[in-house]
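A closer look at the structure
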Amino acid sequence: MAAPGSCALWSYCGRGWSRAMRGCQLLGLRSSWPGDPLSARLLSQEKRAAETHFGFETVSEEEKGGKVYQVFESVAKKYDVMNDMMSLGIHRVWKDLLLWKMRPLPGTQLLDVAGGTGLAWVLGDAEELPFDDDKFDIYTIAFGIRNVTHIDQALQEAHRVLKPGGRFLCLEFSQVNNPLISRLYDLYSFQVIPVLGEVIAGDWKSYQYLVESIRRFPSQEEFKEMIEDAGFHKVTYKSLTSGIVAIHSGFKL
């Protein structure tokens with residue numbers, strides 16, 4: 001599955017690293033819809049400018065936050081079970097590979113956004129982190145950034161809070177690079193995953209959103225460019241399981 005959207009839960013680990021990486025339900029909501037009165041024409045223009053996507057559906061930016069909240073409220077109790085069922089347990093291997101790339105040492109100042117583990121939790125907004133500049137050695141986010149309303153702003157915030165030399169790591173669903181596997185993956189995603197969601201979690205719609213949100217997320221190269229635009233250097237990525245997911249890495253220099 002994925003972690004919450006614009007509002008996220010951080011685990012800040014200053015003394016060590018908790019190996020397990022789990023999902024978390026959304027605990028807050030941030031509204032970005034302007035409230036000042038405008039003329040009908042300007043309001044219409046502003047409304048169009050503030051539209052975004054929720055899966056394949058077009059919604060206002062304010063509405064997306066509430067919808068993402070509802071998704072994670074609904075799936076929280078069966079979150080880990082569904083992750084294991086949908087990926088046949090492979091999601092645990094992907095997360096282990098992320099940890100292997102990270103190689104945290106004692107004393108590492110780590111910010112895990114949209115996670116659910118760590119020594120200290122802080123509730124906040126991925127697009128407006130409640131931390132000072134140049135604070136962390138490593139910023140990680142796993143299966144969370146595609147739910148953020150403004151991905152570019154979340155990336156800029158990641159860059160801001162990292163120390164010079166700090167590393168950004170993102171594990172996220174991506175684009176399958178084999179045509180045959182891609183067709184099979186689409187069939188499994190749209191025909192099987194929502195059914196599993198209904199049978200196991202009693203929630204077809206949330207897992208339909210999961211599949212749609214994955215298809216709307218940028219490809220490996222497109223996301224790499226977005227990370228570079230946020231100010232990161234030496235940006236690379238590694239596709240896993242034929243591109244079903246990818247780990248992107250970048251450094252603040």
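Residues numbered from 1 in each chain as written. Predicted model: local features only at pLDDT ≥ 70, side-chain atom pairs only at ≥ 80, totals over all residues. Heavy atoms only, no water.

**As for the overall build of the protein chain**
A tally of regular secondary structure across the protein chain gives 9 helices and 9 strands. The proportion of buried residues among the 253 residues of the protein chain is 50%. A separation of at least 24 residues holds for 76% of the contacts in the protein chain among residues at least 6 apart in sequence. Accessible surface, the protein chain as shown: approximately 12300 Å² in total, 53% of it carbon and sulfur. (Helix = DSSP H or I, 4+ residues; strand = E, 2+ residues; numbered from the N terminus. Buried < 20%, exposed > 50% of the residue type's maximum accessible area, 1.4 Å probe, protein only. Contact = heavy atoms within 4.5 Å. Areas by Shrake-Rupley, 256 points an atom, 1.4 Å probe, with all protein chains shown as cover.)

**With respect to the packing of aromatic side chains**
Going through the model one piece at a time under the given rule, you end up with 7 aromatic pairs. Note on Tyr139 and Phe168: the rings are 5.5 Å apart at their centroids and 25° apart in plane angle, and the pair reads as stacked. On the criterion of sequence distance, the pair formed by Tyr139 in strand E6 (residues 136-142) and Phe168 in strand E7 (residues 162-173) is long-range, its members being 29 residues apart. In this structure Phe168 comes out as buried when scored by relative accessible area, which is 0%. The aromatic ring of Trp100 is capped on one face by Arg103, whose charged end is 4.3 Å from the ring centroid. (Phe/Tyr/Trp six-rings, centres within 6.5 Å; stacked < 30°, edge-to-face > 60°. Lys NZ or Arg CZ within 6 Å of the ring centre and 35° of its normal.)

**Some details on the packing of helix H3 (residues 79-87) against helix H4 (residues 90-102)**
Helix-helix packing: each pair is described by the crossing angle between the helix axes and the interaxial distance. Where H3 meets H4, the axes come as close as 7 Å, and the angle between the chain directions of the two elements is 100°. Comparing the axis directions of H3 and H4 gives the class roughly perpendicular. Judged by residue contacts, Asn83, Asp84 and Ser87 of H3 engage Ile90, His91, Arg92 and Lys95 from H4. Split by residue class, the contact of H3 with H4 holds 1 nonpolar, 3 polar and 3 charged. (Axes fitted to C-alpha atoms, helices over the stretch in contact; angles between N-to-C directions. Parallel < 35°, antiparallel > 145°, perpendicular 65-115°, else oblique. Nonpolar A, V, L, I, M, F, W, Y, C, P; charged D, E, K, R; others polar.)

**What to know about helix H9 (residues 220-229)**
Gln220, Phe223, Lys224 and Ile227 are the residues of H9 that are buried. In an axial view of H9, the angular spread of the buried residues amounts to 105°, which keeps them on one side of the axis. Residues of H9 that are buried sit in contact with helix H5 (151-161), E7, strand E8 (233-240) and strand E9 (245-251). Taken from the residues just after H9, Gly231 is the one with a positive phi, measuring 110°. (Arc of directions from axis to C-beta.)

**Topic: the environment of His91**
Checked against the element boundaries, His91 lands in helix H4. Sequence separation of His91 and Val245 is 154 residues, and the distance between their C-alpha atoms is 9.4 Å. Engagement of the side chain of His91 in a polar contact is seen with the side chain of Asp84, the distance being 2.7 Å. In terms of polar contacts, His91 uses its side chain to reach the side chain of Lys95, at 3.0 Å. (Polar contact = N/O pair within 3.5 Å; in protein donor to acceptor, adjacent residues only side chain to side chain.)

**What to know about the pairing of E6**
Most of E6 is tucked away: 6 of the 7 residues are buried. Sheet topology note: the strand E4 (residues 110-113)/E6 ladder contains 4 bridges and is parallel. Bridge assignment links Leu111 to a residue of E6, and that residue is Tyr139. Note that E6 and E7 share 6 bridges and pair parallel. Counted as the bridge partner of Ile141 is Cys170 from E7. (Pairing = 2+ DSSP bridges.)

**Quick look at the UniProt feature "binding site: S-adenosyl-L-methionine" (unreviewed entry) in the protein chain**
The sites that UniProt annotates as "binding site: S-adenosyl-L-methionine" (unreviewed entry) are Thr117, Asp125 and Ala126. For Asp125, a relative accessible area of 8% gives the class buried. The residue Ala126 is located in the loop between strand E5 (120-125) and E6 in this model. (UniProt positions renumbered as here; feature names shortened; annotations may be inferred.)

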